[in-house]
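Overview (structure and organization)
Each chain, written out:
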2 protein chains.
Amino acid sequence: MINGKHSSRLLEEAVSAFAELPGIGRKTAMRLVMYLLKQDVDRVNAFGNAIIRLRNEIRFCEKCHNISDEQYCSICSDPSRDVSQVCVVEQVKDIIAIENTHQYHGLYHVLGGVISPMEGTGPSDLRIDSLEKRVAAGDIKEVILALSATMEGDTTAFYIFKKLMPYAVSVTIIARGVAIGNELEYTDELTLGRSIVNRVPFQVNLTAR
Amino acid sequence: MINGKHSSRLLEEAVSAFAELPGIGRKTAMRLVMYLLKQDVDRVNAFGNAIIRLRNEIRFCEKCHNISDEQYCSICSDPSRDVSQVCVVEQVKDIIAIENTHQYHGLYHVLGGVISPMEGTGPSDLRIDSLEKRVAAGDIKEVILALSATMEGDTTAFYIFKKLMPYAVSVTIIARGVAIGNELEYTDELTLGRSIVNRVPFQVNLTAR
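Here we come to the interface of chain B and chain A. Each side of the interface is counted separately: chain B has 49 residues, and chain A has 49 residues. Secondary-structure elements contributing two or more residues to the side of chain B that touches chain A are helix H1 (9–19), helix H2 (26–38), helix H3 (41–57), strand E2 (67–68) and helix H4 (92–101) of chain B. Top contributing element to the side of chain B that touches chain A by residue count: H3(B), with 15 residues. Split into classes, the residues belonging to the side of chain B that touches chain A amount to 28 nonpolar, eleven polar and ten charged.

Structure follows, in structure tokens:
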């Protein structure tokens, strides 16, 4: 064809834009673009503008580094949240996952990753200093480490634990064990072993909690 | 959370926009949005604008109904294409698929679908009249039907064949047979039967053509 791969430059640009997204190939990109072509102009404009505004107007909470529209995020500025608890997570997505469980009502702290020598991420690349400052301020009674159950996650947890030792704060880590719905037979040995060591008193409806 | 499902309205809007696309759930949408948040502002703006411009500025070729930036698409206005051949396809995507084979150098005609009583699509919903007008104009010697190998595709092919009978044009249909790379053992009976009936003289390197 004359004008590049597709007959239309506009089409080609839109397909290429979608195909740059992770996990989206040119065929899927084409399908999405064809779908958008069939939608109302207003809806497609809203879609395009949502993307542009997201990138240009988004801010990060100055307290917990969560994504925010204001100086402080809606969690940090919610008076009903328990300010004595701070849950440390790797990324913003983890906050959403924990919020969806409806089991936690404290605040958060987004590290921005985990210590990973392989990827060149050291403690100074993470927001550990600002966590220490929050703890040093005194209101926080418990720091809950909700990091990945990987070598890197454990290293980061241990580093933070040592950093916070001088402060009057209890540091806890989320439970690791057999996932609900999983059969013992197919659970890996490490997880199964950990779940035996960290056993808790039996309660009725344990799986439903 | 206070402000809806996510802590940020901007984030929520962008995630919802992506989640409306076919085959993209909220989790994938979140992943795409997080990816965009990490990209350069310029690149994200280009993405958003590509979508908006696509929907607002795209046109359809007045001759073949292919997607186009101008009055006529780049294929119709390419002087090197064979104007005596017209390949009839269901949708724009099919043109791209056929162009990618590099085996066809004529023009196209996009029907916009196939006759399907189940979906309420009749002949008048398709661009069959404008195909007939093109044939009636006289330059076209061969109309190649490249429709789906389904009941609907066959019905549409037959309808077009009858419509074009009064004109001095040969109507052909693309070959159906055993897909290249497929074993006979796993080819369905209908396809295998059709491939025996429509057998062609043996040529060296048949599969490589």
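Once you've had a look at it, read on.
On to the sheet that holds strand E5 (residues 142–145) of chain B, then. All names here are of chain B. Taken in spatial order, the four strands of this open sheet run E4-E3-E5-E6, and their pairing is parallel. Among the strands making up the open sheet, the edge pair consists of strand E4 (106–110) and strand E6 (170–173). Taking the axes of each pair of neighbouring strands and ignoring which way they run, one obtains an average angle of 25 degrees across the sheet. With five bridges joining them, strand E3 (residues 82–89) and E4 adopt parallel strand pairing.

On to the sheet that holds strand E5 (residues 142–145) of chain A. Residue and element names in this part refer to chain A. The four strands are arranged E4-E3-E5-E6 in an open sheet whose pairing can be described as parallel. The sheet is open, and its two borders are formed by strand E4 (106–110) and strand E6 (170–173), each paired with just one other strand. For this sheet, the mean angle separating the axes of adjacent strands, direction not counted, is 25 degrees. Pairing of E5 with E6 involves four bridges; the strand directions are parallel. Among the inter-strand pairings, Ile144 is bridged to a residue of E6, identified as Thr172.

Calculation criteria
- Residues numbered from 1 in each chain as written.
- Chains lettered and ligands numbered in written order.
- Predicted model: local features only at pLDDT ≥ 70, side-chain atom pairs only at ≥ 80, totals over all residues.
- Contact = placed C-beta atoms within 7 Å.
- Helix = DSSP H or I, 4+ residues; strand = E, 2+ residues; numbered from the N terminus.
- Nonpolar A, V, L, I, M, F, W, Y, C, P; charged D, E, K, R; others polar.
- Pairing = 2+ DSSP bridges.
- Axes fitted to C-alpha atoms, helices over the stretch in contact; angles between N-to-C directions.

Just geometry here; none of it tells us what the structure is for.
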